[in-house]
Amino acid sequence: MNIFEESLNILKSKVQLRKLFQDMHVEDIQNVIKRVEAIHEEKIREHNEQKEQEGLKREAVESILGQLQEKGLTLDDLQSSAVVEKVRKGKPRQRYHFQYEKTDGSVVDWEGATTGRIPAEFTEYLTRTGKERKDCIIAEL
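Let us look at the structure shown here.

Moving on: the pattern of salt bridges. Going through the model one piece at a time under the given rule, you end up with one salt bridge. Across the salt bridge formed by Lys 102 and Glu 121, the nearest N and O atoms sit 3.6 Å from each other. Pair noted here: Lys 102 is in the loop between strand 1 (96–101) and strand 2 (107–112) and Glu 121 is in helix 5 (residues 120–129), with a separation of 19 residues, a long-range link. Judged by relative accessible area, Lys 102 falls into the partly exposed class, the value being 26%. Overall, the relative accessible area of 36% leaves Glu 121 in the partly exposed class.

Listed below in structure tokens is the structure:
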């Protein structure tokens, strides 16, 4: 059990609090009580502010829902019209336009990167000609 849990257990028990404060002067106990009351008032204020914020938020939602009903719309209508863009993690991969020749002599255009998988015919072309991928780049996309 850590020190915070032990302190909480002591503060929750009247008997243990008596034991803790038995050797303290009355003024010291009053100072502790004032500090605890100040913390209690802060917590009450925070709680009331949070309730007020939730009330304002609820009113805003009700207002917007009322406007949707006036216009004859539903939440599904809003969701279907929302455009969601995928955010890609990591660095963007540079793409290129490659050109290579098949064994039958036809020229093939392929779009891809300088790393990763490539078509089998492209691999065959590279081994046959002794070229590297970068040698076959004709344009940067």
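A separate point is the sheet that holds strand 3 (residues 137–140). Taking strand neighbours across the sheet as the criterion, the three strands line up as 2-1-3 in an open arrangement whose pairing is antiparallel. Two strands close off the open sheet at either side, each with one partner strand: strand 2 and strand 3. Between one strand and the next, the sheet's axes are offset by a mean angle of 25°, whatever the strand orientation. By the bridge criterion, three bridges tie strand 1 to strand 3 in an arrangement that is antiparallel. From the neighbouring strand, Tyr 96 faces strand 3, where its bridge partner is Glu 140.

Moving on to the packing of aromatic side chains. With the rule as written, the count across this model stands at six aromatic pairs. With 4.7 Å between their ring centres and 20° between their planes, Tyr 100 and Phe 122 make a pair best called stacked. With Tyr 100 in strand 1 and Phe 122 in helix 5, this pair connects stretches of sequence that are 22 residues apart. For the pair Tyr 100 and Phe 122, a shared accessibility class is recorded, and that class is buried. Every member of this aromatic cluster is reached through a ring pair, and the members are Tyr 96, Phe 98, Tyr 100, Trp 110, Phe 122 and Tyr 125.

Rules used throughout
Residues numbered from 1 in each chain as written. Predicted model: local features only at pLDDT ≥ 70, side-chain atom pairs only at ≥ 80, totals over all residues. Heavy atoms only, no water. Salt bridge = Lys/Arg side-chain N within 4 Å of Asp/Glu carboxyl O. Helix = DSSP H or I, 4+ residues; strand = E, 2+ residues; numbered from the N terminus. Buried < 20%, exposed > 50% of the residue type's maximum accessible area, 1.4 Å probe, protein only. Pairing = 2+ DSSP bridges. Axes fitted to C-alpha atoms, helices over the stretch in contact; angles between N-to-C directions. Phe/Tyr/Trp six-rings, centres within 6.5 Å; stacked < 30°, edge-to-face > 60°.

All we've got here are geometric facts, nothing functional implied.
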